[in-house]
Amino acid sequence: MGSGVNGMEGRGLDESLAELRQTFRSGKTRTASWRKSQLKALLRLIHENEDKIFEALKHDLGKHAVEAYRDELGVVEKSANNSLSCLDEWMAPKKSKLPLLFFPASAQVLPEPLGLVLILTSWNFPISMALDPVIGAISAGNSVVLKPSEQAPACSSLLAHTIPLYLDSKAIKVIEGGKEISQQLLEQKWDKIFFTGSSSVARIVMSAAAKHLTPVTLELGGKCPVIYDHLSSPSDTEVAVKRIVGGKWGPCNGQACIGVDYVLVEEKYASQAIEMLKKTIKKFYGENPEQLQNISRIVNEHHFQRLRNLIKDPLVADSIVHGGLIDEEKLFIEPTILLDPPLDADIMTEEIFGPLLPIITLKNIEESIEFINSRPKPLALYAFTKNEAFKRRILSETSSGSVTFNDIMVQFLCDTLPFGGVGESGFGSYHGKYSFDNFSHGKAVLQRYFFLELEPRFPPWNDFKMNFIRLAYKFDYLGLILLLLGLSRD
C-alpha cells in the first residue's frame, strides 16, 4: 500500500523520509519480485481508475478522453509493460572484457539503485509525466517521493489518493502542495532529483541539489522548430501539414515541451502552407472558433494571461493571419497562426507553450540551420524534407535533444530511444532502458586472484620496470615476452 501525504499533515516530512530510507536500506526494493509487484500494481491502478483519471484530466486541462489515453494512460501502460518484460535483462550484471594483462580476472558492471529519489512533475501531462519516471525509479529498485504539480489539482489529488491503495506505503509516497512544500522537499538530501518543468524552476532545483551534491535530471523544453522544406508530392504535403497541426495543437493545445513552437518555410511556399494549415485546423477541431471540439484549454489564469501578453504587442498582433479569438472565462485561445512576427518579440524569444504558431519565412530553406543555431538548443527539432543531403546537414550542423524527420512528437513514444534535452533544454534522459539507467548506478566490479603477480608494478624502481610498464600500457604482449626473456626486437 502506498502513502499519500497532503502537505505536512500526518507524521511529518522527516518521519516519512526516515521510513523511506529505512525501507531502502533493508534491501526490500532491490529484489526483482518487489519491483515487478509494484509495476503490476501500477498497471492495476491505471486500469481500475481509468474513468477517474479521464475525469481529472478533463477538469484540469479539458482533455478529451482519446487525447488523455493517447498522451497519458497509454504512455504509462506501455512503459510499465515494457519494463516488466525487460526487467530481468536490465538487472543482470553485464560482463566486461579485460585485457590479457589482467589474467586471471573477471569484470562486470552491476546496476544498483541510487536510494531515495525525488520526482517533481509538470502540470501539462500530469499523469504520464508523473508515473513514467516513477516506473523508471521502481524498475531500478529505489524508494520514491512523488511531488505532483499543484497546477493540475484534480490529477494531483487523484494520485495522492489512489497510489496509497496500490503501491508499497513504506517505499513510495506522494506529497502534495505548492511552492512552500517544494522548497521544503528541496532542502532535504536525496540520492537523485528528477525534475520536469520550466528552466526558471530548474535553476532553483539545481541550486538546492548543489548543496548536497545531488545528481539531477532536468527535463525542460525550449523553442522546438519545424523545418518545412518543399515537398513536390501533394499527398506528402498533406501528410506533413496534418502532422504539424496534430503536433502543435493536439498535445494539450500546444502546452507541450516537445510540441511545435514555430515553423521555418521558404517565402514562396508560405501562403500555400498557411492555407493548408487553416484547412486542417478546421477539419480537426471544427469550423466555429467559439465551439471548437477535441482540443484542450489553457491550464489556468496565469498562463492564459502570459499567452495573451505574447500577442498584445501591436506588431505581433498585426502578424496574425488566422485565429486570435480569446475567451478568458473559458481559459480558451483559438489555434492562432502568425506570419513573420518580429524576431525580437517575446513570442520569438520565449518558449510559447500554447496555441500560437509563428511562421517564419526564409529565402532558402537551408538558412534554417543558421536560424536554429542562433538560438538556445531545442528539446526537439523536426524537419519535413526528402533531401538526404539536407538531412545530413541538419544532423551534423545543429544540436538538439532529438531530431525527427517527417513527423512530430512520435520519438517520445519510442522506448528504445532516449528522451531528454541538451543545453538549456535539459540534461539526462529517460524512457525504457534509459529510465532504468537514469535511476541506477553502474557499479564496476573486478575480481582478481592471488597468483601470477606482476612484480614490476611495485618498487623499488629500475629501468626494467619502467620498460615493462611502458609496454604494458601499450598492451604490447610480444614486447613484454621479449623483455622477460632478455631479448629485443633488434
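Residues numbered from 1 in each chain as written. Predicted model: local features only at pLDDT ≥ 70, side-chain atom pairs only at ≥ 80, totals over all residues. Heavy atoms only, no water.

**Quick notes on a nonpolar patch on the surface**
Just so we agree on the cut-off: Note that patches include only residues with greater than 30% relative accessible area and no salt bridge, and the join distances are 9 Å for like charges and 5 Å for nonpolar side chains (Val, Leu, Ile, Met, Phe, Trp, Tyr). Computed with the Shrake-Rupley method and a 1.4 Å probe, the accessible areas treat only the protein chains shown as cover for residues. Think of a salt bridge as a Lys or Arg side-chain nitrogen and an Asp or Glu carboxyl oxygen that are within 4 Å of each other. Exposed residues in this analysis have more than 50% of their type's maximum accessible area, buried residues have under 20%, and partly exposed residues fall in between, with area computed by a 1.4 Å probe over protein chains only.
A contiguous nonpolar patch, built from Leu100, Phe103, Tyr449, Phe451 and Leu452 and spanning about 580 Å² of accessible area, is present on the exposed surface. Since its relative accessible area comes to 57%, Leu100 is described here as exposed.

**Focus on the sheet that holds strand 14 (residues 336-339)**
The condition that has to hold: Any two strands with at least two DSSP bridges between them are considered paired. A run of DSSP states H or I qualifies as a helix once it reaches four residues; a run of E qualifies as a strand once it reaches two. Both are numbered from the N-terminal end. Every axis corresponds to a line fitted to the C-alpha atoms, with the helix fit spanning only the stretch in contact, and the corresponding angles, defined between N-to-C directions, vary from 0 to 180 degrees. By definition, residues are in contact when any of their heavy atoms lie within 4.5 Å.
Ordered by their spatial adjacency, seven strands build an open sheet running 11-14-15-10-9-16-17, and the pairing between neighbours is mixed. In the strand order of this sheet, the two ends are held by strand 11 (320-322) and strand 17 (403-405), each with one partner. Averaged over all neighbouring strand pairs, the angle between strand axes comes to 25 degrees, with direction disregarded. Taken together, the four bridges between strand 10 (residues 262-266) and strand 15 (residues 356-362) define a ladder with parallel strand orientation. Each residue of the ladder has a partner; that of Glu266, found in strand 15, is Leu362. Sheet strands in contact with helix 10 (residues 267-285) are strand 9 (225-228), strand 10, strand 11, strand 14 and strand 15, and its direction is about 135 degrees off that of strand 10. Of the strands in this sheet, strand 9, strand 16 (381-384) and strand 17 are in contact with helix 15 (residues 388-397), which crosses strand 17 at around 170 degrees.

**Observations regarding the packing of helix 9 (residues 234-249) against helix 10**
Which entries qualify depends on this criterion: Note on terminology: angles under 35 degrees are roughly parallel, angles over 145 are roughly antiparallel, angles of 65 to 115 are roughly perpendicular, and the others are oblique. Each crossing is labelled by how the near helix is turned from the far one, with a counterclockwise turn of less than a right angle marking it left-handed and a clockwise turn marking it right-handed. For this classification, Asp, Glu, Lys and Arg are treated as charged, while Ala, Val, Leu, Ile, Met, Phe, Trp, Tyr, Cys and Pro are nonpolar and the rest, including Gly, are polar.
Contact geometry of helix 9 with helix 10 gives a least axis separation of 9 Å together with a crossing angle of 60 degrees. As summarised for this structure, helix 9 and helix 10 are arranged oblique, according to the angle between their axes. Classified by chirality, the crossing of helix 10 by helix 9 is right-handed. In this structure, helix 9 contributes Thr237, Glu238, Val241, Lys242, Ile244, Val245, Gly246 and Trp249 to the contact, and helix 10 contributes Met276, Leu277, Thr280, Ile281, Phe284 and Tyr285. Looking at the contact of helix 9 with helix 10 residue by residue, the class counts come to nine nonpolar, three polar and two charged.

**Thoughts on the packing of aromatic side chains**
Operational definition: When two rings of Phe, Tyr or Trp (its six-membered ring) have centres within 6.5 Å they constitute a pair, described as stacked for plane angles under 30 degrees, edge-to-face for angles over 60, and tilted for the intermediate range. To sit over a ring, a charge needs its Lys NZ or Arg CZ within 6 Å of the ring centre and within 35 degrees of the ring normal.
Inspection of every chain in the model, using the stated rule, returns nine aromatic pairs. Ring plane angle 25 degrees and centroid distance 5.6 Å describe the contact between Phe194 and Phe439, whose orientation is recorded as stacked. Of the two residues, Phe194 sits in strand 7 (residues 192-196) while Phe439 sits in the loop between helix 16 (433-438) and strand 21 (440-448), which places them 245 residues apart along the sequence. Pair check on accessibility: Phe194 and Phe439 agree, each one buried. With 5.9 Å between their ring centres and 70 degrees between their planes, Phe419 and Tyr430 make a pair best called edge-to-face. Here Phe419, found in strand 18 (residues 419-420), pairs with Tyr430, found in strand 20 (residues 429-430); they are eleven residues apart in sequence, far enough to count as distant. A relative accessible area of 5% means that Phe419 is categorised as buried. Each member of the aromatic cluster is reached from another via a ring pair, and the members are Phe194, Phe412, Phe419, Tyr430 and Phe439. Positioned over the ring face of Phe371 is Arg375, at 3.9 Å from the centre of the ring.

In short, the description is geometric, and any link to function would need to be established separately.
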